[in-house]
Amino acid sequence: MPTEKQTFSDDEALHLHQYPQPGKIALLPTKPMATQRDLALAYSPGVAVPCLRIAENPDAAYDYTAKGNMVAVISNGTAVLGLGNLGALASKPVMEGKAVLFKRFGDIDSFDIEVNTQDPDEFITVVKNITASFGGINLEDIKSPECFIIESALQDLADIPVFHDDQHGTAIIAAAGLINALEITGKKMEDVKVVLCGAGAAGLSSLSLIKALGVKHENTTVVDIHGVVYKGRTVDMDQWKSVHATETKKRTLAEALVGADIFLGLSAKGVLTSDMVATMAANPIIFAMANPDPEITPEDVAKVRADAIVATGRSDYPNQVNNVLGFPYIFRGALDVRARRVNHEMKLAAAKALAMLAREDVPDEVAAAYQGRHLKFGRDYIIPSPFDPRLIWYVPPFVAQAAMETGVARKPITDMDAYRKSLEQRLDPSAGFLQTITSSVRSRPSRRIVFAEGEDISVIRAAHAFKLQGLGTPILCGRENLVEANMRAAGIDPAEEGIEIVNARLSHRNAAYSQLLYSRLQRQGFLKRDVDRLINLDRNSFAAAMVISGHADGMVTGVTRSFDKSLDDVLRVVDPAPGGRIMGLSIVLAKGRTIFVADTTVAELPTPEELGDIAIEAAMAVRSMGHTPRVAFMSYSTFGNPSGERSDRVKEAVRLLEERGVDFEFEGEMAPDVALDSATWANYPFQRLTAPANVLIMPAIHSASISTKMIEALGGATVVGPLLLGLSKPVQICQLSDSVSKILTMATFAAYDIRASAKI
């Protein structure tokens, strides 16, 4: 699987996997189970009816059970990531993670199964006997050569797709990149000379696939730990290596690379040297895909070859060979035609589809993920981004079509255009929301964010992650000795990380900050010595002064003190934005929905005029985050039914907003079910929203806060924020004792600067 720089501690990884409940997956019923009748229909006696239908016709299982959208992720733990043979149980976190990826990218339900045997025959027997439960089998982290034996046997024994992702996932993505690299360099498949370094499952599968694309056997050379795999070699040979052996006098990787066009690396860090690259043919293509570190870095290639195209498995370099580009969409297409297997033609179809997608214009959200580089098909962009939202509807139709043409589809698709539209609806628009914000922050010049509570260990870890993820420059406010001690306790070396620490008590800027704050507060009952104490002793005041003085671009606080206290501290120093409304905006990310809720933190019982201000501020923020605002004013009543004093206040807010001539859709007063479900609109043909609302303006802070906190506590949704809006400078206030991840998210939004982003 692909790798990237680790931006977290071991404790953080363990905490995520343990809390609030152990693991990363859970079962969610899809049918109501509230009444006795519900239970009777779903279980006994109602369940007998579909059981009998399936007994008569096994294919009916696809109609009456979840089989058709269910994949088993199965491993025996003999080759876990780059960690080796950890055993079945230790592989479970990885398998759960793979199940999550299936859902996130392909909307495929998945269960992980860990088989506690290293005997291939036993493993095959277990998997063969459970295939009736699933629409497909994803084999994972099984060592070579057993993986070849297991997959081949199960493909013959099972009547559903069996796919070993470690072999074919990497092969498909690499083949897609190779198609495009050859297009750019003007080389032809039948002419190129290929050297494969690493004769494991992924390497040999990659070689087989590019041979199917047209690379000639005699133009390939395989190199393993013992050297070149040549005809007649007896050391460490098996039937899978032997099929790729060639007649050659070359015996080392260095000899094999002389004049070679392509290097495919699935071996180990550092095995490819700059000297070897220098001997390759013009416009060499180098896929250094070793995990976790490539055989050679792009920087080392560039030292000797300006004409090279380089791909790696890392997300911090261009052209990432990432398996998540393959398996969710291959299985999506295979499941949707009820395929009996994933054959060679389906793999080739997936590779060609990915190659074609990389040549299309790149969406803005994808370009942002590449730190602001202008992305266009070329040497640094031959493989699509894993976060390209088009993947879900672009790739599966090619896979499904290949399955139909090769006769392995049980249920052919008759209307491919309708199928593509149905796939697009599977895309969860909320899934990439935070990724888009994060990518946008990375794309801008480095921003300096001051973490006011810099002595807190969670804040330190968040600041460290902020720096490692390339989001900007963190500044920790606190006493140097305590900050550094807590950095060491968090496993962070203060000398190496280069994170700036400022001591509010000892800063050389105290006098200037104090004078600045005194000029603001001298007519509000503050003496000069009061202001001096604030700057010297209150880190919120000091950090806010840094921001308004231009010594930092944004600020994060709130982890060690209440929201209201933190906001009061900040407002002493930072002015509201001209025309801005200070308020809180919470973001609810649920399946298929991104809902913005306001005001969740500031206005206790806003007037009709204030509700209008809140709506305008929220709409501006929502638009700056890439969404088209559709505002609904919430109430217990809908268009006057039932009437009441509080609903009349909301109704008046809508009337006043009509007079202001705003440039976004709005409607109200209305209950949440009406705002969010267009199926109810038949009763209200006069309502003005063109689609369900995505911005909910709450009538009071208690309803806003209660609703969002209840949603978060019940689960099934992620709540981000509340974000602080309406200030002239970007300041975000966390909740008391927020986790490292939540602090990092708030710092990211501070760097994003919603108000500035609205003007870009």
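Conventions we followed
- Every chain begins its residue count from 1, and numbering advances along the sequence as written.
- Given that the model is predicted, a residue must reach a pLDDT of at least 70 before its local features are reported, and side-chain atom pairs must reach 80 or more before they are shown or counted; all residues, however, enter totals for whole chains, interfaces and linings.
- In computing side-chain properties, one takes all heavy atoms of the structure into account and sets aside hydrogens as well as water.
- Where helices and strands are cited, they refer to DSSP runs of H or I of at least four residues and of E of at least two residues respectively, numbered from the N terminus.
- As a reference, a globule follows 2.2 Å times the number of residues to the power 0.38, and the radius of gyration itself is taken over C-alpha atoms.
- Throughout this description, buried means an accessible area under 20% of the type-specific maximum (1.4 Å probe, protein chains only), exposed means over 50%, and partly exposed covers the range between.
- In what follows, a contact means two residues having at least one pair of non-hydrogen atoms within 4.5 Å.
- Within this scheme, the nonpolar core is defined by two criteria: the residues are buried Ala, Val, Leu, Ile, Met, Phe, Trp, Tyr or Cys, and they are joined through side-chain atoms within 4.5 Å.
- In protein, a polar contact requires one atom able to donate a hydrogen and another able to accept it; more generally it is a pair of N or O atoms within 3.5 Å, and residues adjacent in sequence count only if both atoms are side-chain atoms.
- Criterion used throughout: strands pair if DSSP finds at least two bridges between them.
- To define axes, lines are fitted to C-alpha atoms, for helices over the stretch in contact only, and angles between the resulting N-to-C directions are given on a 0 to 180 degree scale.
- Look down the strands so they point away from you; if the path from the first strand over the helix to the second goes clockwise, the crossover is right-handed.
- Computed over the protein atoms alone on a 1 Å grid, cavities are sets of points where a 1.4 Å probe fits but cannot get out and pockets are open sets with protein on both sides within 12 Å along at least five of seven lines; a residue lines them when it has an atom within 4 Å of a point.
- Grid points are joined across faces, edges and corners, and a volume is the space filled by probe spheres set on the points.
- Ten residues, namely Ala, Val, Leu, Ile, Met, Phe, Trp, Tyr, Cys and Pro, are considered nonpolar, four, namely Asp, Glu, Lys and Arg, are considered charged, and the remaining ones, Gly among them, are considered polar.
- Like-charged residues are merged into a patch within 9 Å and nonpolar side chains (Val, Leu, Ile, Met, Phe, Trp, Tyr) within 5 Å, provided each residue has over 30% relative accessible area and no salt bridge.
- The Shrake-Rupley method, run with a 1.4 Å probe sphere, supplies the accessible areas, and residue values consider only the shown protein chains as cover.
- What counts as a salt bridge is simple: a side-chain nitrogen of Lys or Arg found within 4 Å of a carboxyl oxygen of Asp or Glu.

### What to know about the overall build of the protein chain
Stage number 1. In terms of regular secondary structure, the protein chain is built from 32 helices and 21 strands.
Stage number 2. Relative to its length of 760 residues, the protein chain is compact, with a C-alpha radius of gyration of 29 Å against a globular reference of 27 Å.
Stage number 3. Projected onto its principal axes, the C-alpha coordinates of the protein chain cover approximately 95 × 70 × 45 Å.
Stage number 4. Across the 760 residues in the protein chain, those meeting the buried criterion constitute 53%.
Stage number 5. At a minimum sequence separation of 6, the contacts of the protein chain that also span at least 24 residues come to 71%.

### Description of the nonpolar core
Stage number 1. In terms of nonpolar packing, the biggest core is built from 96 residues, with Ile137, Leu139, Ile172, Phe287 and Met346 touching the most fellow members.
Stage number 2. A total of 10 residues in this core trace back to one element, the largest contributor, which is helix α8 (residues 165-185).
Stage number 3. In this structure, Phe433, Ala465, Phe666 and Ile743 belong to the second largest nonpolar core, which totals 59 residues.

### A word on the side chain of lysine 241
Stage number 1. Along the chain, lysine 241 turns up in helix α10 (residues 239-242).
Stage number 2. A polar atom in the side chain of lysine 241 sits 2.8 Å from the side chain of aspartate 224.
Stage number 3. Separated by 3.0 Å, the side chain of lysine 241 and the backbone oxygen of aspartate 236 make a polar contact.
Stage number 4. Look past the residues within four positions of lysine 241 in its chain and what remains in contact with it is Ala199, Leu204, Asp224, Val229, Arg233 and Asp236.

### Topic: the sheet that holds strand β14 (residues 554-557)
Stage number 1. Read across the open sheet, the 5 strands follow the order β13-β12-β11-β14-β21; overall the sheet is parallel. Each of the sheet's edge strands pairs with one partner strand only, and the pair in question is β13 (500-502) and β21 (731-733). Geometrically, the sheet is characterised by an average inter-axis angle of 20° between neighbouring strands, direction not taken into account.
Stage number 2. One ladder, built from 3 bridges, connects strand β11 (residues 448-451) with β14; its direction is parallel. Along β14, the bridge assignment pairs isoleucine 449 with glycine 554.
Stage number 3. Where helix α20 (residues 457-468) meets the sheet, it contacts β11 and β12 (473-477), and its direction lies at approximately 160° from that of β12.

### Observations concerning the pairing of strand β18 (residues 665-670)
Stage number 1. Among the 6 residues of β18, 5 are classified as buried, and the element is accordingly described as predominantly covered.
Stage number 2. In this sheet, β18 lies alongside strand β17 (residues 630-634) in parallel orientation, the contact comprising 4 bridges. Pairing of alanine 632 across the sheet is with glutamate 667, part of β18.
Stage number 3. For the segment spanning β17, helix α28 (residues 645-660) and β18, crossover handedness is right-handed.

### Description of empty space enclosed by the protein
Stage number 1. Tallying each qualifying case throughout the model produces 1 cavity of 30 Å³ or more.
Stage number 2. Counted as a void, the largest cavity has a volume near 110 Å³.
Stage number 3. Lining the largest cavity we find 14 residues, and of these Leu724, Leu725, Asp753, Ile754 and Arg755 sit closest to its centre.
Stage number 4. Those elements giving two or more residues to the lining of the largest cavity turn out to be α27 (608-624), β20 (717-725), β21 and α32 (754-757).
Stage number 5. Its residues assigned to classes, the lining of the largest cavity comprises 8 nonpolar, 2 polar and 4 charged.

### Regarding a nonpolar patch on the surface
Stage number 1. A cluster of nonpolar side chains, namely Leu81, Leu83 and Leu86, defines an oily patch on the protein surface of about 290 Å² accessible area.
Stage number 2. Structurally, the position occupied by leucine 81 is in the loop between β1 (70-75) and α5 (92-106).

In short, shape yes, function no, at least from these values alone.
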